[in-house]
Amino acid sequence: MKKFTLFALLALLGSLQCVAQPAVNVKKYGAEPLRFSSVEEWEQVHRPVIMNFFEREVYGRMPQKQVPMEFDVISEKAGALSGKAIRKEVAIRLEGMYAPILVLMYIPADAKGPVPAFFGMNFKGNHQINADPEITISVNAPKKEELGSDPERGAASSRWPLEMLMDNGYALVTIYRGDVDPDFDDGFRNGIHPLFHGEGTPAADEWGTIGAWAWGLSRVMDYLETDSKIDSKKVAVIGHSRLGKTSLWAGAADPRFAIVISNDSGCGGAALSIRKQGETVEAINKSFPHWFCDNYNKYRNNEEALFVDQQGLIALVAPRPIYVASAVEDTWADPEGEYLSAVAASPVYELYGKKGLTGPMPAVDSPKAEGDVAYHIRKGGHDINLYDWTQYVKFADKYFK
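Residues numbered from 1 in each chain as written. Predicted model: local features only at pLDDT ≥ 70, side-chain atom pairs only at ≥ 80, totals over all residues. Heavy atoms only, no water.

Caption draft 1: Looking closely at the sheet that holds strand β2 (residues 85-94). Strand order in this open sheet of 9 strands is β1-β2-β3-β5-β4-β6-β7-β8-β9, and the pairing throughout is mixed. Bordering the open sheet on either side are β1 (69-79) and β9 (373-378), each of which pairs with just one other strand. Taken pair by pair, the neighbouring strands of this sheet meet at an average axis angle of 20°, ignoring direction. In this structure, β2 lies alongside strand β3 (residues 101-108), joined through 8 bridges in antiparallel fashion. Looking at the pairing, Lys88 lines up with Met105 of β3. (Pairing = 2+ DSSP bridges. Helix = DSSP H or I, 4+ residues; strand = E, 2+ residues; numbered from the N terminus. Axes fitted to C-alpha atoms, helices over the stretch in contact; angles between N-to-C directions.)

This is the structure in structure tokens:
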């Protein structure tokens, strides 16, 4: 592990009995709860050390350097979605980036004031979340020669139930992941990394692509705090699969996200690594060497050496509400490991007087969402669909309405 400050070293020594030692039992029992005596002990001693571990050993440290940026509204149209929404596009221009981060927003047309929002990245471009022909296609999105003559507008619309969100009073905010950082191992020569590393590459304890995506989500949050149509105190960050890993890390690192939602995030997301079920630390680093920091490679086939498992990541979100979801056929993401991780993080929530998760996994399509740590497993495979979104809206209603 990289060098710690004196405070962190002392905290680390104090944490070993509570956090690191029980990791041996995780392998046998599935999860070890994070139990501490008080909020003060958690916030002043253990949380900083666990945060430091994830920063330096898993996702990598984000840069402290500030990059000048500007916000430009490039389009705004009433009457979208058959009159249900205002469609708005904003360009976030970072000094030194050849193309902006394009923010696509749908806002309920009948809103009387600032509205709560769901915010997350999309996989292949803003234009794929809806068939609207006026949505700007990012220069970073897959090009026509890759997709054929049709740029596939609306191809991912099943994952973004815009009309349902408008009907329930929520805005939807999204950006294309490739506007922040490409999802391939390019030696960190594209995206935002060169703004901070020039011709070099991140150090072993510095951010990979998931860290870069999380940083990008926070830059959009900077914009949302300036938009009078959005209640920036009521923004739920959401992500599916690798973008679920991203939403968890963004939520842990940036307390401005009021709710954090992980959908089928698996290894490096909500699932416990020590179980070695489905995708493993070895497999994920081999297939996606750019996602995490180089230090994470130390835990390939060596999960027992992890200072704390992914329940520590979920606990870092406390006391803000968090929802973890799985799919019964998505064994690669280890649904049981995702549930057990949320259960093991729950004692930290209970320190704040919040309600966590306890007991066995719920039945399929029977959410456990009455508390501040929620979970469901639905029928079907690796996807995010209307069933998932319906549960997330119900969950958000408890806090935002």
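Still more to cover.
Caption draft 2: View of the layout of surface pockets. One number sums up the size of the largest pocket: a volume of about 460 Å³. In this structure, the largest pocket is lined by 21 residues; those nearest its centre are Met62, Pro63, Gln64, Trp215 and Arg219. Among the elements of the structure, α3 (39-57), α8 (209-224) and α9 (242-253) are those that each provide at least two residues to the lining of the largest pocket. The biggest single contributor to the lining of the largest pocket is α8, with 4 residues. A class-by-class count of the residues in the lining of the largest pocket yields 10 nonpolar, 4 polar and 7 charged. Lining the second largest pocket are 18 residues, and of these Asn140, Gly178, Pro182, Asn190 and Gly191 lie nearest its centre. Tallied by class, residues from the lining of the second largest pocket come to 9 nonpolar, 5 polar and 4 charged. (1 Å grid on protein atoms, 1.4 Å probe; cavity = no way out; pocket = protein on both sides within 12 Å on 5 of 7 lines; lining within 4 Å. Points joined across faces, edges and corners; volume = space filled by probe spheres on them. Nonpolar A, V, L, I, M, F, W, Y, C, P; charged D, E, K, R; others polar.)

Caption draft 3: The arrangement of the side chain of Ser232 in detail. Looking at where Ser232 falls in the secondary structure, it is placed in strand β6 (residues 230-240). Contacts of Ser232, omitting those with residues within four sequence positions, involve Met221, Leu224, Glu225 and Arg256. (Contact = heavy atoms within 4.5 Å.)

Caption draft 4: α8, seen in detail. In a regular helix each residue adds 1.5 Å, so 16 residues correspond to 22 Å; α8 covers 23 Å between its end C-alpha atoms and thus fits that length. Most of α8 is tucked away, with 16 of its 16 residues classed as buried. (Expected span 1.5 Å × (residues − 1). Buried < 20%, exposed > 50% of the residue type's maximum accessible area, 1.4 Å probe, protein only.)

Caption draft 5: A look at the state of the cysteines. In this structure the tally under the stated criterion is 0 disulfides. Considering cysteine sulfurs only, Cys293 is the nearest to Cys267, which forms no disulfide, with 14 Å between them. (Disulfide = S-S within 2.5 Å.)

Caption draft 6: Region of the structure containing the pattern of salt bridges. All chains considered together, the criterion is met by 28 salt bridges. Its salt-bridge partner being Glu303, residue Lys276 comes within 3.5 Å of it at the nearest N-O pair. Of this pair, Lys276 sits in the loop between β7 (259-263) and α10 (281-287) while Glu303 is found in the loop between α10 and α11 (311-315), placing the two residues 27 residues apart along the sequence. A relative accessible area of 33% means that Lys276 is categorised as partly exposed. Note that Glu282 is salt-bridged to Arg300, the shortest N-O span being 3.2 Å. One end of the pair, Glu282, is in helix α10; the other, Arg300, is in the loop between α10 and α11, and 18 residues separate them in sequence. (Salt bridge = Lys/Arg side-chain N within 4 Å of Asp/Glu carboxyl O.)

Caption draft 7: Inspection of empty space enclosed by the protein at higher detail. Here the structure, examined in full by the defined rule, presents 3 cavities of 30 Å³ or more. As a volume, the second largest cavity reaches approximately 90 Å³. Lining the second largest cavity we find Met121, Phe123, Arg159, Trp160, Ile238, Gly239, His240, Leu243, Ile384 and Trp389. With 3 residues, the single largest contributor to the lining of the second largest cavity is β6.

Caption draft 8: Broad picture of the confidence of the model for the protein chain. Scored by pLDDT, the protein chain comes out at a mean of 91, with 90% of its residues at no less than 70. Counting interchain partners and residues more than four positions distant, the pLDDT-below-50 stretch residues 1-29 has 52 contacts. (pLDDT = per-residue confidence, 0-100.)

Caption draft 9: The arrangement of helix α13 (residues 386-400) in detail. Its 15 residues give α13 an end-to-end C-alpha distance of 20 Å, which sits within 8% of 21 Å, the value for a rise of 1.5 Å per residue. Looking at α13, one finds that the buried residues are Asp388, Trp389, Gln391, Tyr392, Val393, Phe395, Ala396 and Phe400.

Caption draft 10: Summary view of the packing of α3 against α9. Two elements in contact, α3 and α9, have axes separated by 12 Å at closest approach and are oriented at 140°. Put simply, α3 runs oblique to α9. Here α3 runs over α9; the crossing is left-handed. Here α3 contributes Arg47, Met51, Phe54 and Glu55 to the contact with α9, which in turn contributes Trp249, Ala252 and Ala253. When grouped by side-chain class, the residues that make up the contact of α3 with α9 number 5 nonpolar, no polar and 2 charged. (Parallel < 35°, antiparallel > 145°, perpendicular 65-115°, else oblique. Left-handed = near helix turned anticlockwise from the far one by under 90°.)

Caption draft 11: Examining the packing of aromatic side chains more closely. Inspection of every chain in the model, using the stated rule, returns 24 aromatic pairs. Ring geometry for Phe53 and Phe54: centres 5.4 Å apart, planes at 75°, overall edge-to-face. For the pair formed by Phe53 and Phe54, the shared burial category is buried. Among the aromatic residues, ring-to-ring pairing joins Phe53, Phe54, Tyr59, Trp249, Phe288, Trp291, Phe292, Tyr296, Tyr299 and Phe307 into one connected group. (Phe/Tyr/Trp six-rings, centres within 6.5 Å; stacked < 30°, edge-to-face > 60°.)

Caption draft 12: How the structure looks around unusual backbone geometry. Here the bond from Ala318 into Pro319 is cis, since omega is 5°, no more than 30 degrees from zero. Phi is positive for Ser241, close to 60°, though the residue is something other than glycine. For Asp365, which is not glycine, the phi dihedral falls at a positive 60°.

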